[in-house]
Amino acid sequence: MTENGFHYENFKRRGRYTAVFGVMILALLVMAFVNINTGTVDISAAEIVRIIFAGQTEETKYQIIWQIRLPRILMAAILGGALSLSGFLLQVFFNNPIAGPFILGISSGAKMVVALVMIFFLKSIGSMSSYMLIGAAFAGALISVSFVLLVSKRLPNMSALLVAGIMISYICSAVTEFMITFAEDTDIVNLHGWSQGSFSGMNWSNVRVGSAVIAAAFLGTFLMSKPIGAYQMGEAYAKSMGVDIRSFRVILIVLSSVFSACVTAFAGPISFVGIAVPQLTKLALKTSKPLIVIPASFLGGAVFCMFSDLTARMAFAPLELNISTVTSVFGAPVVIWMLVHREKEKQ
């Protein structure tokens, strides 16, 4: 390739990155506005601007915007981005495009331990802080991922790993349902709604805790961009670049589990986001460079979950769908397409 050709390709690549990020940021802003503007109580665009920037309006609408809609929208964006990055890290770790926290049973493991704590220990402790919920979910995520790692050593085949993850998910779900049979009626109602996945009921305390934990994990992930890029080129290449493979793998699993734990603790298990969004992001960018894909995946996950939450709220209003129902409708076809496309490439 000539020097001019190289500069042209570089310019075209940067133009694509700029266009994709521009579209994602615009979509994020549009989704935020539409989510704020949409609900059972009609609030005009002018009123929304006055409420957010000047605080001038009637008390009811002010409370709806600041205490109900804004925390929910922000948590949908933050948790959606976290779930997407969790899937990206697992796909790097297993070198498997369909690896994700929901498919591999990691979300179910987190749900199982959170349910255990809520049912059997909540009465003795009195109340649970957000950090305690995240800690319980993190422990459950690590338990599940440990089983997945043990199985993956004996089942290197992609399909077998997928089946093993689904079986782990079923086991964790069965244990959770077994524990729920011993819960009181009020606990069962709360657990059932939470276990199906939902962004409803979010508050500013959730936003502060969730954003703090996820921001720290995001920074750690971003700082790992160079080792991740080397690992994508192969384990031997990563070692030649000075990457400590054992420590690197531990860090990937911990970061992925933190992301997944935050999502499960606040919103319950949410399906397919962690698989579909990173793949669509890489397809749009036409690159796997972690320095580019990591922030793009976070933005993509945020937009996807905000759109899914809007659909869950408004598709059959005033009834609200579970968030996993919507993410499955949009995410599952992407996974099917990926599997078919992968098989075609092998032929």
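Note that this is a predicted model, so its numbers are computed, not measured. (Residues numbered from 1 in each chain as written. Predicted model: local features only at pLDDT ≥ 70, side-chain atom pairs only at ≥ 80, totals over all residues. Heavy atoms only, no water.)

What to know about the packing of aromatic side chains
The description of an aromatic ring pair rests on the distance of the ring centres and on the angle between the ring planes. So the rule is basically this: Here a pair means two rings of Phe, Tyr or Trp (six-membered ring of Trp) with centres within 6.5 Å. Their orientation is stacked below 30 degrees between planes, edge-to-face above 60, and tilted elsewhere. Helical segments are the DSSP runs of H or I of at least four residues, strand segments are the runs of E of at least two, and each set is numbered from the N terminus.
Scanning the entire structure with this criterion turns up seven aromatic pairs. Ring geometry for W66 and W204: centres 6.0 Å apart, planes at 35 degrees, overall tilted. Residue W66 is located in helix α3 (residues 59–94), and its partner W204 is located in helix α9 (residues 204–223); the two are separated by 138 residues in the primary sequence. Consider the rings of F218 and F298, whose centres lie 5.4 Å apart with planes at 70 degrees: the pair is edge-to-face. With F218 in helix α9 and F298 in helix α14 (residues 290–314), this pair connects stretches of sequence that are 80 residues apart. Linked through ring pairs, Y62, W66 and W204 together constitute an aromatic cluster.

Points about the pattern of salt bridges
To be explicit about the condition: Any Lys or Arg side-chain nitrogen found within 4 Å of a carboxyl oxygen on Asp or Glu counts as a salt bridge. For the exposure calls, accessible area comes from a 1.4 Å probe over protein chains only, and a residue counts as buried if that area is under 20% of its type's maximum, exposed if over 50%, partly exposed in between.
All chains considered together, the criterion is met by five salt bridges. Note that E47 and K61 form a salt bridge whose closest N and O atoms lie 3.0 Å from each other. Of this pair, E47 sits in helix α2 (residues 45–53) while K61 sits in helix α3, and the two are 14 residues apart along the sequence. By the burial criterion, E47 is buried, and K61 matches it. With a closest N to O distance of 2.6 Å, R72 and E320 form a salt bridge. A residue pair is termed long-range when its members are at least 10 positions apart, and R72 in helix α3 and E320 in the loop between α14 and α15 (323–346) qualify at 248 residues. Of the residues examined, R72 reaches a relative accessible area of 10% and is grouped as buried. You can call E320 partly exposed: its relative accessible area is 38%.

Structural notes on the nonpolar core
Counted only if it meets this: Nonpolar core, defined: a set of buried Ala, Val, Leu, Ile, Met, Phe, Trp, Tyr and Cys residues in which side-chain atoms within 4.5 Å join the residues together. Note on contacts: a residue pair is in contact if any heavy atoms of the two residues lie within 4.5 Å.
Counting residues in hydrophobic clusters, the biggest one holds 94 residues, and the most contacted among them are L79, F199 and I228. No other element matches α3, which puts 18 residues into this core. Those residues in contact with L79 that sit more than four places away from it in its chain are F199, M202, I214, C262, V263, F266 and A267. Listed in part, the nine residues of the second largest apolar core include I275, A332, V335 and M338.

Side note on the side chain of S256
Looking at where S256 falls in the secondary structure, it is placed in helix α12 (residues 245–267). Judged by its relative accessible area of 2%, S256 falls in the buried class. In this structure S256 touches S86, L89 and L90, once residues within four positions along its chain are discounted.

Looking at unusual backbone geometry
Although it is not a glycine, F272 sits at a positive phi angle of roughly 70 degrees. The phi torsion at K286 lies on the positive side, around 60 degrees, for a residue other than glycine. Classification of K286 by relative accessible area gives exposed; the value is 63%.

Considerations on the packing of helix α13 (residues 273–285) against α14
Worth spelling out the cut-off: Axes here refer to lines fitted to C-alpha atoms; in helices the fit is confined to the stretch in contact. Angles between the N-to-C directions go from 0 to 180 degrees. Under this scheme an angle from 65 to 115 degrees is roughly perpendicular, one under 35 degrees roughly parallel, and one over 145 degrees roughly antiparallel; angles in between are oblique. Helix crossings get a hand from a simple test, with the near helix turned counterclockwise from the far one by less than a right angle marking a left-handed crossing and a clockwise turn marking a right-handed one.
For the pair α13 and α14, interaxial distance at closest approach is 9 Å and the crossing angle is 125 degrees. In this view, α13 runs oblique relative to α14, as classed from their interaxial angle. Taken as a pair, α13 and α14 cross one another with a handedness that is right-handed. For the pair formed by α13 and α14, the contact residues are V273, V277, P278, T281, K282 and L285 on the first element and I292, V293, A296, S297, G300, G301, F304 and C305 on the second.

A few points about α3
Test applied: Here the expected span of a helix is defined as 1.5 Å times the quantity of residues minus one. At any given residue, the bend is defined as the angle formed between two axes, one fitted to the seven residues that end at that position and one fitted to the seven that begin there.
For α3, with 36 residues, the first-to-last C-alpha span of 51 Å sits near the 52 Å given by 1.5 Å per residue. Of all the bends in α3, the largest measures some 35 degrees and sits at R69, one to four residues before the proline P71. Counting buried positions along α3 gives 28 out of 36 residues, so the element sits mostly inside the fold. Where α3 ends, the next residue or the one after it, N95, has phi of about 50 degrees, a positive value.

With respect to the environment of I323
Here I323 lies in helix α15. Once residues within four sequence positions are removed from consideration, I323 is found in contact with Q196, G197, S198, F199, I270, C305, S308, D309 and A312.

Quick word on the environment of A136
On the secondary structure map, A136 appears in helix α6 (residues 130–154). The class for A136 is buried, based on a relative accessible area of 9%. Excluding residues within four positions of it along the chain, A136 makes contact with V113, V114 and V117.

Section: the packing of α2 against α3
How we decide: Note on residue classes: Ala, Val, Leu, Ile, Met, Phe, Trp, Tyr, Cys and Pro are nonpolar, Asp, Glu, Lys and Arg are charged, and everything else, Gly too, is polar.
Two numbers describe how α2 lies on α3: the axes approach to 10 Å, and their chain directions differ by 70 degrees. For the element pair α2 / α3, the angle class is roughly perpendicular. Together, E47, I48, I51 and I52 of α2 and K61, Y62, I65 and W66 of α3 make up the contact between the two elements. Grouping the amino acids of the contact of α2 with α3 by side-chain chemistry returns six nonpolar, no polar and two charged.

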